[in-house]
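# Report on the structure
Next come the chains, spelled out residue by residue.
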Amino acid sequence: MTRRDLPAPVGPAAPAPGQGDTPKARSLAARNAAYEAMDLGDFPRAMTHAVSALDLARGTGDAPLQAKAHVTIALVLAGVHDDEGAQEHLDQAIALATQAGDARGVALATVNAAHIDLERGRYREAAELLHGLLNTPSAAGLGIDDPVAGTELRQVFHMNYVKAASTALRGGGGSHADAPLRRALEVSAAHLTALHAGELPLASPRHLPDVLDALTGYAAFTGDWARVRALADERIEVALHTGTEHAIGRAFMDRAALAAGREAWTAAIDDAVRAARHFEAAGQKLDVLNARQLVADSLAQQSRFQEAFGVQREITERSADLHRAYARQGAQLRLIEQQAQAAELRAEAFAEAALRDPLTGIPNRIAALRFLEALHASGRGGVVAMFDVDHFKRVNDTYGHAAGDEVLQRAAATVQEAVRGSDHFARMGGEEFLLAFPELSAAQARQVCERIQWDLGALSWPEIAPDLQLTISVGLADLGAETDPHLTLRRADAALYDAKRSGRNRIVLASG
């Protein structure tokens, strides 16, 4: 099976119609770049692209897109045998897709989790995971075609299911508990048979070796050894004509394993040696060791123990080097991931800071305008109050700007305590502030503002000036469902001006 979530074309997949150069399109392109890097064995570069895909996906707020990016990171980590890290990202992908009601996303993550089990030889676990998917509402996701990838997910499911269940059930004795697996296996095998016969179109030509591999396993399960040999031979021919060095190696390796299962040791050795040669050319060092191990085991079965010992000693030496290389590479990928997470946290902190007033710590003008637009879009309505501190310039001129800053800070803290959690309080600039009261009437908002006036007037300032008394002028305006929030803001500001012009320390409701 391919290590991708869905096999990608040689270049990045074209974005869906209408996407263009959008964050979503860039996220998908980054995912494809990650897959290409994985195919080349460049996992650090693959991880860099994968975390970029996740960062772009998070920026869109698109949960299904984020789930896909998590799947990509999981596959990169699995590529260097960091299965624990891979599982963490698959769990996040499933959680995001489930929360978003994205059945296809759950199916995608589950199929890939099963694929990793297959890569590790955990056939029973893979079969049960895939079968479990069939018994959940997310099974519907297998029938949802991707606008670009089409039916690939459904076809990959059947390939993985046939490969996993055939191997898990082979020689299992036909226990009653396995009956559901067997029934579903027949369905998936029939689907692959139709694909192989051309009765159904393959979503991608790159799937043909995988279809042949799965059907070979199924033929072995049914005991049809003539068909096993024919399918294995066909897979090698397809790989030699259209596959990569790694794909060719896998084809020879799987035929070698089948020969070993039939105790055809000479044939197993010949195919395993060829597999190792192609794996070496592809830079797949772990696969080289697996092929060499099959050679050693087959030699031992022929009582060629001296030759087997020589091969085994070579495997031991290369295994130690490979373990160290995987450890280094795994640590490097985790570092890339951690750096990306740290950068994301810093970006979030900067974004939050950009919406906060540095002096008072409350939201600033930008945040206030966003809140008003969201409140208007929700149709909930409410009241907007604009107010400023009366004669604040006199405070600065008389007691200094440090004293003026303290007055604004304490005033902001006092107002913050007086309003509801659902209200929005922001500093618009200087001594001018905004209060938004969702779902309150003008009369209710006026009562809150009167209480705020009283609370501010009751503050004492012994460290600045014992005779200082704070007052505010307030302008109120209704925010109706059909009223533009910017117009409401202008009306509240005009009412504030009227309050100041008519003597300050008062509340004026906008007319009209």
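Note that this is a predicted model, so its numbers are computed, not measured.

Moving on, we come to the side chain of His424. Here His424 is to be found in strand β2 (residues 424-429). Those residues in contact with His424, other than ones at most four positions away along the chain, are Pro363, Ala367, Ala368, Phe371, Leu434, Leu435 and Ala436.

With that out of the way, let us pick up the packing of aromatic side chains. All told, the structure shown has 5 aromatic pairs when counted by the stated rule. Each ring, one from Phe387 and one from Phe425, has its centre 6.2 Å from the other, and the planes form 10 degrees; the classification is stacked. Taken as a pair, Phe387 in strand β1 (residues 382-389) and Phe425 in strand β2 lie far apart in primary sequence, 38 residues in all. What makes Phe387 buried here is its relative accessible area of 3%. Here the guanidinium or amino end of Arg262 rests over the ring plane of Trp225, the centre of that ring lying 4.3 Å away. Taking the ring centre of Trp461 as reference, the NZ or CZ of Arg410 above it sits at 4.4 Å.

A separate point is the nonpolar core. Nonpolar side chains tend toward joint burial in soluble globular proteins. Core analysis: the biggest nonpolar cluster contains 38 residues, and Val111, Leu142, Phe157, Tyr161, Val162, Leu185 and Leu192 have the highest contact counts within it. Where this core is concerned, the elements lending two or more residues are α5 (103-119), α6 (123-134), α7 (152-169), α8 (179-196), α9 (208-222) and α10 (225-242). For this core, the element with the most residues is α7, which contributes 9 residues. Among all residues touching Phe157, those that are not within four sequence positions of it are Val111, Leu130, Leu133, Leu134, Leu142 and Ser188. Counting 35 residues, the second-largest nonpolar core is a separate cluster that includes Val415, Val419, Ala465 and Val474.

What follows is about the environment of Ala281. Mapping Ala281 onto the fold places it in helix α12 (residues 265-282). Here Ala281 falls in the exposed class, since its relative accessible area comes to 53%.

Next up on the list: unusual backbone geometry. Even without a glycine there, the phi angle at Ser303 is positive, about 65 degrees. Of note, Ser303 is situated in the loop between α13 (285-301) and α14 (305-353). Unusually for a residue other than glycine, His391 sits at a positive phi of about 55 degrees. By the secondary structure assignment, His391 is in the loop between β1 and α16 (392-399). For His391, a relative accessible area of 37% corresponds to the partly exposed category.

Look at α12: 25 Å from first C-alpha to last across 18 residues, which is about the 26 Å you get at 1.5 Å a residue. Two residues or fewer past α12, Gly283 is found with a positive phi of approximately 75 degrees.

Attention shifts here to the packing of α7 against α9. Axis separation between α7 and α9 bottoms out at 8 Å; the angle between their running directions is 25 degrees. Relative to α9, α7 is oriented roughly parallel. As for how α7 packs across α9, the hand of that crossing is left-handed. Along its contact with α7, which presents Met159, Val162, Lys163, Ser166 and Leu169, the element α9 presents Asp210, Val211, Asp213, Ala214, Leu215, Gly217, Tyr218 and Phe221. When grouped by side-chain class, the residues that make up the contact of α7 with α9 number 8 nonpolar, 2 polar and 3 charged.

What follows concerns the sheet that holds β2. The mixed open sheet is built from 5 strands, whose spatial order is β2-β3-β1-β4-β5. In this open sheet, the two strands that pair with only one neighbour each are β2 and β5 (507-509). Along the sheet, successive strands turn relative to each other by an average axial angle of 20 degrees, direction set aside. Here 5 bridges tie β2 to strand β3 (residues 432-438), and the two strands are oriented antiparallel to one another. Note that in β3 the partner of Gly429 across the bridge is Glu432. Sitting on the sheet, helix α17 (residues 401-418) touches β1, β2 and β3, and the angle it makes with β2 is about 155 degrees. Lying over the sheet, helix α19 (residues 485-501) contacts β1, β2, β3, β4 (472-479) and β5, oriented at roughly 150 degrees with respect to β4.

So, on to the pattern of salt bridges. Here the structure, examined in full by the defined rule, presents 23 salt bridges. We note a salt bridge from Lys163 to Asp213, for which the minimum N-O separation is 3.0 Å. Of the two residues, Lys163 is situated in helix α7 and Asp213 in helix α9; the sequence distance between them amounts to 50 residues. The salt bridge involving Glu450 is made with Arg446; its shortest N-O contact spans 3.5 Å.

About the criteria used
- Residues numbered from 1 in each chain as written.
- Predicted model: local features only at pLDDT ≥ 70, side-chain atom pairs only at ≥ 80, totals over all residues.
- Heavy atoms only, no water.
- Helix = DSSP H or I, 4+ residues; strand = E, 2+ residues; numbered from the N terminus.
- Contact = heavy atoms within 4.5 Å.
- Phe/Tyr/Trp six-rings, centres within 6.5 Å; stacked < 30°, edge-to-face > 60°.
- Buried < 20%, exposed > 50% of the residue type's maximum accessible area, 1.4 Å probe, protein only.
- Lys NZ or Arg CZ within 6 Å of the ring centre and 35° of its normal.
- Core = buried A, V, L, I, M, F, W, Y, C linked by side-chain atoms within 4.5 Å.
- Expected span 1.5 Å × (residues − 1).
- Axes fitted to C-alpha atoms, helices over the stretch in contact; angles between N-to-C directions.
- Parallel < 35°, antiparallel > 145°, perpendicular 65-115°, else oblique.
- Left-handed = near helix turned anticlockwise from the far one by under 90°.
- Nonpolar A, V, L, I, M, F, W, Y, C, P; charged D, E, K, R; others polar.
- Pairing = 2+ DSSP bridges.
- Salt bridge = Lys/Arg side-chain N within 4 Å of Asp/Glu carboxyl O.

Keep in mind these numbers describe shape, not what the thing actually does.
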